[in-house]
Amino acid sequence: MDHIKVKRLILSEKGSPRHRHVSAEGREEQDSTELTGDINYRKIAEYGSDSDPRAFNFDGELNIANRGIVEFIEVLKLDVAFLYDLLARARNT
């Protein structure tokens, strides 16, 4: 067993911006914008179209935890449409 190296890794949401969590507690409706972000309507006037990527805020939990860890708490309590969206985004990565 001398060839096996063990490295301890301690994850903390406070210590790292790459550790995020999505929780179903106390939420009756989930929205996929929590995962990915949403259109910034102020920037639509500046860029002229909502399809322009510069008019989009990439501030969702999946984008913030880029190359990190997203922890899903009680994920089966979420709305079915939210779960389908989550699976579709996970499959495309």
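**Q** Looking at this model, I keep getting lost on the overall build of the protein chain. Mind explaining?
**A** When its secondary structure is counted, the protein chain shows four helices and four strands. Expressed as a percentage of its 93 residues, the buried residues of the protein chain come to 20%. Taking the contacts inside the protein chain whose residues are at least 6 apart along the sequence as the reference set, 57% of them involve residues at least 24 apart. For the protein chain, the computed accessible surface area is about 7700 Å², with 50% contributed by carbon and sulfur atoms.

**Q** Just to check I follow, could you spell out the packing of aromatic side chains for this structure?
**A** To describe a pair of aromatic rings, you give the distance between the ring centres and the angle between the ring planes. Tallied over the entire structure, the rule returns one aromatic pair. For the ring pair Phe56 and Phe58, a centre distance of 4.8 Å and an interplane angle of 55 degrees mean the geometry is tilted. On the accessibility criterion, Phe56 (25% relative accessible area) is partly exposed. Overall, the relative accessible area of 54% leaves Phe58 in the exposed class.

**Q** How should the nonpolar core be read in this particular structure?
**A** Nonpolar side chains in soluble globular proteins tend to be buried together. If you look at the biggest cluster of nonpolar residues, it comprises six residues: Val22, Leu35, Leu78, Phe82, Leu83 and Leu86. Excluding residues that lie within four positions of it along the chain, Leu83 makes contacts with Val75 and Leu78.

**Q** Just checking my understanding: could you explain a nonpolar patch on the surface for this structure?
**A** A contiguous nonpolar surface patch, about 400 Å² in accessible area, is contributed by Met1, Ile4 and Val6. On the secondary structure map, Met1 appears in the segment before strand 1 (19–23).

**Q** Before we go on, may I ask you to explain the pattern of salt bridges in this structure?
**A** Close approach of charged atoms allows side chains with opposite charge to pair. Throughout the structure, instances matching the rule amount to one salt bridge. Between Asp52 and Arg54 there is a salt bridge, with its nearest N and O atoms 2.9 Å apart.

**Q** Honestly, the environment of Asn40 in this entry has me stumped. Any pointers?
**A** Tracing the chain through its elements places Asn40 in the loop between strand 2 (38–39) and helix 2 (41–47). By relative accessible area, Asn40 is classed as buried at 18%. Separated by 14 residues in sequence, Asn40 and Arg54 place their C-alpha atoms 8.8 Å apart. Those residues within four positions of Asn40 in sequence are excluded, and the remaining contacts are Ala55, Phe56 and Asn57.

Analysis parameters
Residues numbered from 1 in each chain as written. Predicted model: local features only at pLDDT ≥ 70, side-chain atom pairs only at ≥ 80, totals over all residues. Heavy atoms only, no water. Helix = DSSP H or I, 4+ residues; strand = E, 2+ residues; numbered from the N terminus. Buried < 20%, exposed > 50% of the residue type's maximum accessible area, 1.4 Å probe, protein only. Contact = heavy atoms within 4.5 Å. Areas by Shrake-Rupley, 256 points an atom, 1.4 Å probe, with all protein chains shown as cover. Phe/Tyr/Trp six-rings, centres within 6.5 Å; stacked < 30°, edge-to-face > 60°. Core = buried A, V, L, I, M, F, W, Y, C linked by side-chain atoms within 4.5 Å. Patch = residues over 30% accessible without salt bridge, like charges linked within 9 Å, V, L, I, M, F, W, Y side chains within 5 Å. Salt bridge = Lys/Arg side-chain N within 4 Å of Asp/Glu carboxyl O.

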